[in-house]
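Architecture and fold: a report
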Amino acid sequence: MSFDLLVKNASLPNGQTGIDIACKDGRIAAVEAGIAADAAQVIDANGQLVSPPFVDSHFHMDATLSLGLPRMNESGTLLEGIALWGELKEILTVEAVVERALRYCDLAVSQGLLAVRSHVDVCDARLTGVKALLEVREKVKDYIDLQLVAFPQDGLYRSPNAEKNLLSALDMGVDVVGGIPHFERTMEDGAKSVRRLCEIAAERGLMVDLHCDESDDPLSRHIETLAYETQRLCLQGRTAGSHLTSMHSMDNYYVSKLLPLIAEAGVHAIANPLINITLQGRHDTYPKRRGQTRVPEMRNYGINVSFGHDCVMDPWYSQGSGDMLEVASMGFHVAQMTSRDDIRYAFDCVTKHPAKALGLEGYGVEKGCKADFVLLQAKDTIEAIRLKATRLAVVRSGKIISQTPPRIAHLSIEGRPETVDTSSYAPA
């Protein structure tokens, strides 16, 4: 048999080495050692890591790359960011949002990031962001799986016409039901919004992803309501709670009740390490809370945890590069998950775990999966995170869509080699 693409001598995230990957008609046809066959294109991985593509389970593409418009977030706080976004969305145009989003998608591809779940604000009566990102989704569909969440940024009940706009966005083709219960005027309204949003999803056969308890307030407990409504409406596996930062302030007794409920309901948990550690704990002096939700404890209960990038150069966050390895690195550092197994788990939090949360079909480096993967300048997943490994090649449907030269230092030091592969410093 002749293949379209053959990758030779690769290492895989599960620790296998010396593996060949054969691709045919956009799918992986074989994953085994010593494949002897012709191929239109051959890549010698030279023992480097081949991973399934990175997946960002929580992002705001309608705001990305808008830093400084119409002004900077001088305090760097969540609430000023929300206020600033309110100013910006009044002057947004479809064309401007599309242009910035496409630039970000180009950056994402270069980073091996081929699937993104983006929340899009529906509290703008013009639905500018919705129109723009639906256009972007169509433009990038051949190289990025873009999943859109109808997000009532200003609150389903706090913002006039938010529910009407949300339903319109879903009618236009937005994929997922979103919400922000902790931003409603009362805890009661927050719980009511969770109930209503889950009912909408159940009626339409859609998934749910709520900004949930993005607060330092230990009494913000809407994740409990989300777990209950997931059970009541048989939405197991179709709901996600994003952020969940109030859990870092809750007492252990309550959390010992809460985590089994989340696990039993099959609710996905999405932490956003870069943003959580930046925006939370702002009212603290010292001791100062770390900001991120309880990732190690969730892991112990078998809850599917993923990490999102959340923001790149927007009203809430002036940094960011679309690099999910940076996100994974921050995630395990903040959670103090520093064993070798923990760091491998952090890699899973930006690959296979978010793929599960998004319900991606044919994801993975296995026979029969889509031929989507990334060749990294690293020997294993731990080294990939440590070095923020260069993406040597990004493959989509069995075709190379991005390449980056290996990172090699050219030295001018007497008695030293002239060139050094800077990815080679792995422990013996």
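For the protein, the name recorded in an unreviewed UniProt entry is Cytosine deaminase, with Roseibium polysiphoniae as its organism.

Now for the packing of helix α6 (residues 222-232) against helix α7 (residues 252-265). Between α6 and α7, the least distance of the axes is 9 Å, while the angle of their chain directions is 30°. Of the two possible hands of crossing, α6 and α7 adopt the one that is left-handed. Touching Ile-223, Glu-224, Ala-227, Thr-230 and Gln-231 of α6 are Tyr-254, Lys-257, Leu-258, Leu-261, Ile-262, Glu-264 and Ala-265, all from α7. The residue makeup of the contact of α6 with α7, split by class, is seven nonpolar, two polar and three charged.

This paragraph deals with the environment of Ser-220. Mapped onto the elements of the fold, Ser-220 is located in the loop between β10 (207-212) and α6. Measuring from C-alpha to C-alpha, the distance between Ser-220 and Asn-161 comes to 25 Å, with 59 residues separating the pair along the chain. Each residue touching Ser-220, except ones within four places of it in the same chain, is listed here: His-182, Met-187, Asp-213, Ser-215, Ser-246 and Met-250.

With that settled, consider the nonpolar core. Ranked by internal contacts, the top residues of the largest apolar core, which has 101 residues, are Met-61, Val-136, Met-247 and Phe-307. If you tally residues by element for this core, the top one is helix α2 (residues 94-110), at seven residues.

Inspection of every chain in the model, using the stated rule, returns 27 salt bridges. Put simply, Lys-89 and Asp-154 hold a salt bridge, and the shortest N to O gap is 2.9 Å. One end of the pair, Lys-89, is in helix α1 (residues 78-89); the other, Asp-154, is in the loop between β8 (145-151) and α4 (162-172), and 65 residues separate them in sequence. Residue classification places Lys-89 among the buried positions, given a relative accessible area of 6%. When salt bridges with common partners are traced through the structure, they connect Arg-27, Glu-361 and Lys-370 into a single cluster.

Time to look at the confidence of the model for the protein. Mean pLDDT over the protein works out to 96, with 98% of the residues at or above the 70 mark. The spread of mean pLDDT over the elements of the protein runs between strand β18 (residues 419-421), the lowest at 71, and strand β12 (residues 268-271), the highest at 99.

Turning our eyes to something else, we now look at the sheet that holds strand β15 (residues 391-396). Spatial ordering of the open sheet is given by β5-β14-β15-β16, a layout of four strands whose pairing is antiparallel. If you trace the sheet from one side to the other, it starts and ends with β5 (49-51) and β16 (399-403), each paired once. Looking at each pair of strands side by side, their axes are set apart by 25° on average, direction ignored. Pairing geometry for strand β14 (residues 373-376) and β15, over four bridges, is antiparallel.

Bringing the pairing of β12 into the picture now. Burial along β12 is two-sided: the face carrying His-268 and Ile-270 and the face carrying Ala-269 and Ala-271 are both buried. Across three bridges, the pairing between strand β11 (residues 239-243) and β12 is parallel. Across the sheet, Gly-241 pairs through a bridge with Ala-269, a residue of β12. With α7 bridging β11 and its parallel neighbour β12, the resulting β-α-β unit is right-handed.

What the rule picks out here adds up to three aromatic pairs. When the centroid spacing of 4.5 Å and the interplanar angle of 20° are considered together, the rings of Phe-59 and Tyr-104 count as stacked. One end of the pair, Phe-59, is in strand β6 (residues 54-59); the other, Tyr-104, is in helix α2, and 45 residues separate them in sequence. Per residue, the accessibility class of Phe-59 equals that of Tyr-104, and both read buried. Ring centres 6.1 Å apart and planes at 45° place the aromatic pair Trp-85 and Trp-316 in the tilted group. Residue Trp-85 is found in helix α1, and its partner Trp-316 is found in the loop between β13 (305-307) and α10 (324-334); the two are separated by 231 residues along the sequence.

Thresholds applied
Residues numbered from 1 in each chain as written. Predicted model: local features only at pLDDT ≥ 70, side-chain atom pairs only at ≥ 80, totals over all residues. Heavy atoms only, no water. Axes fitted to C-alpha atoms, helices over the stretch in contact; angles between N-to-C directions. Helix = DSSP H or I, 4+ residues; strand = E, 2+ residues; numbered from the N terminus. Left-handed = near helix turned anticlockwise from the far one by under 90°. Contact = heavy atoms within 4.5 Å. Nonpolar A, V, L, I, M, F, W, Y, C, P; charged D, E, K, R; others polar. Core = buried A, V, L, I, M, F, W, Y, C linked by side-chain atoms within 4.5 Å. Buried < 20%, exposed > 50% of the residue type's maximum accessible area, 1.4 Å probe, protein only. Salt bridge = Lys/Arg side-chain N within 4 Å of Asp/Glu carboxyl O. pLDDT = per-residue confidence, 0-100. Pairing = 2+ DSSP bridges. Right-handed = clockwise from strand over helix to strand, strands pointing away. Phe/Tyr/Trp six-rings, centres within 6.5 Å; stacked < 30°, edge-to-face > 60°.

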